[in-house]
Amino acid sequence: MQESQWLLKLHTYGLLNNSFQPSSEIRTLRTYWRQRTEHVAGAATCIQRMQKALTQMNLQLANVISDLSGLTGQRIVRAIIAGERDAQSLAGFRDPRVKASQEEIAKSLEGNWRPELIFLLQQEMAMYDTYQQRIAECDQQLHKHLASFADHAHQVRSQSAQGKAEGKKAKKPAAKNAPRFDLSSELERITGVDLTRIDGIDVMGSQTILSEIGLDMGRWKTEAHFASWLGLCPDNRTSGDKVLRRGTRHVVNRAALALRMAANSLLRSQSYLGAQYRRLRTKLGAPKAITAMAHRLARLVYRMLKYGQQFVDKGMEYYEQRYRNQQVQLLQKKAAKLGLQLVQAQT
């Protein structure tokens, strides 16, 4: 029997599950966003190659400037390509916000000016400018397409009023490679909720998640089905009541990757989710803790998009006090089984 015949037979008896396919407008949004992501990655590769060329010429600019794509780094590299070789003149392009002094920058620009590496710098800078132009074109198409989505402004206004009453946190600063328009407001208008209120999820992660899963959460019966589709739940392989392998399913999903990155960023977050992630990281280790917190974030995203619920951070102190109370109750139960009684120490 051919594979097509077998699939037809399964479909006839209702045994063939439908694969996930977002709506047409979401697929268009996903195409624009994935193309933009590829351009951002290409621009980052150009920056790395420029940095390598500078290092080969013994120009240790990375010791005084953390980001070559910043204002100071771009000014210096473009001046080098234009023919400037004086270290003091190049250091004069220093932005006042740079911590290193002009003398330190000038000292790091004393090297060997090799013509083949200058040519490489010129080529990579031209390629970098091309990527930046392509990113700007993607931003235009992205903004135009987002404007065509239905408006949920009434839900946004009601939730913003609720957020102010509950003490809404300040918005997170935009990422360096964020689109050149107010993407956060557009996503909030379209979805009716603000996913960036969840600690760890920024506007770039929110856009990645929405472009991959869409706006209709009715495709998944429950949040458990949603987490399973993302590959963020256990999938233990057993045989004869014996566990052969523990872990999650191998799923290639950009939304799941964005949730994992968001979970990993909670390490220094002074929030409820941050405290929970640090406790899981201490107990389970980093890989399992990241998966567990990504599963937690996926459930929060599902509830916000499906039910329009607003996420409210209860704070790190609330979580630590709640965890302490749980441990005290557990110790009291163990002591009661042994016929003992816990007495709080006098401080």
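Whatever comes next refers back to the structure up there.
The paragraphs below set out a description of the structure included in this document. (Residues numbered from 1 in each chain as written. Predicted model: local features only at pLDDT ≥ 70, side-chain atom pairs only at ≥ 80, totals over all residues. Heavy atoms only, no water.)

Attention now moves to the pairing of strand β2 (residues 242-245). Pairing of strand β1 (residues 237-239) with β2 involves three bridges; the strand directions are antiparallel. Residue Thr238 lies in a different strand from β2, and its bridge partner there is Val243. Between β1 and β2, which pair antiparallel one after the other, the connecting turn spans two residues, and Gly240 there sits at a positive phi close to 65°. (Pairing = 2+ DSSP bridges. Helix = DSSP H or I, 4+ residues; strand = E, 2+ residues; numbered from the N terminus.)

The method is simple in principle: a probe with the dimensions of a water molecule rolls over the atoms, and the space it marks as empty is what remains. When its volume is computed, the largest pocket comes out at roughly 680 Å³. If you go around the largest pocket, you meet 26 residues; those closest to its centre are Met204, Gly205, Thr208, Ala258 and Met261. Considering every element that reaches the lining of the largest pocket, the biggest residue donor is helix α2 (residues 24-56), with seven residues. Tallied by class, residues from the lining of the largest pocket come to 12 nonpolar, six polar and eight charged. (1 Å grid on protein atoms, 1.4 Å probe; cavity = no way out; pocket = protein on both sides within 12 Å on 5 of 7 lines; lining within 4 Å. Points joined across faces, edges and corners; volume = space filled by probe spheres on them. Nonpolar A, V, L, I, M, F, W, Y, C, P; charged D, E, K, R; others polar.)

Right, let's get into the nonpolar core. Ile198, Ile213, Leu259, Leu273 and Val301 are the most contacted members of the largest nonpolar core, which has 51 residues in total. Of the residues forming this core, the biggest block, 11 residues, is contributed by helix α13 (residues 286-307). With residues up to four places along the chain from it excluded, the contact list for Leu259 reads Ile201, Ile209, Leu230, Leu232, Ala294, Leu297, Ala298 and Val301. With 29 residues, the next largest nonpolar core counts Cys46, Ile65, Leu68 and Met125 among its residues. (Core = buried A, V, L, I, M, F, W, Y, C linked by side-chain atoms within 4.5 Å. Buried < 20%, exposed > 50% of the residue type's maximum accessible area, 1.4 Å probe, protein only. Contact = heavy atoms within 4.5 Å.)

Here we take up empty space enclosed by the protein. Per the stated rule, a full pass over the model turns up two cavities of 30 Å³ or more. Counted as a void, the largest cavity has a volume near 60 Å³. In terms of lining, the largest cavity is formed by Ser184, Leu187, Glu188, Thr191, Val193, Asp194, Leu195, Thr196, Val203, Ser206 and Leu210. For the lining of the largest cavity, the secondary structure elements donating two or more residues are α8 (183-191) and α9 (203-213).

Turning our eyes to something else, we now look at the pattern of salt bridges. Summed over the entire model, instances satisfying the criterion amount to 14 salt bridges. Put simply, Asp129 and Arg78 hold a salt bridge, and the shortest N to O gap is 2.7 Å. Residue Asp129 is located in helix α6 (residues 115-146), and its partner Arg78 is located in helix α3 (residues 71-82); the two are separated by 51 residues in the primary sequence. For the salt bridge of Asp95 with Arg97, the shortest nitrogen-to-oxygen distance reads 2.9 Å. Ionic contacts of the salt-bridge type, sharing partners, join the residues Arg36, Asp139 and Arg180 into one network. (Salt bridge = Lys/Arg side-chain N within 4 Å of Asp/Glu carboxyl O.)

This part takes up the packing of α9 against helix α11 (residues 254-264). Packing of α9 against α11 brings their axes to within 8 Å, and their N-to-C directions diverge by 155°. Looking at the two axes, α9 sits roughly antiparallel to α11. Crossing of α9 against α11: the hand is left-handed. For the pair formed by α9 and α11, the contact residues are Gly205, Thr208, Ile209, Glu212 and Ile213 on the first element and Arg254, Ala255, Ala258 and Leu259 on the second. Of the residues assigned to the contact of α9 with α11, the class counts are five nonpolar, two polar and two charged. (Axes fitted to C-alpha atoms, helices over the stretch in contact; angles between N-to-C directions. Parallel < 35°, antiparallel > 145°, perpendicular 65-115°, else oblique. Left-handed = near helix turned anticlockwise from the far one by under 90°.)

So, on to a nonpolar patch on the surface. Together, Met1, Trp6, Leu7 and Leu16 line one region of the surface with nonpolar side chains, adding up to about 430 Å² of accessible area. With respect to the helices and strands, Leu7 occurs in helix α1 (residues 3-12). (Patch = residues over 30% accessible without salt bridge, like charges linked within 9 Å, V, L, I, M, F, W, Y side chains within 5 Å. Areas by Shrake-Rupley, 256 points an atom, 1.4 Å probe, with all protein chains shown as cover.)

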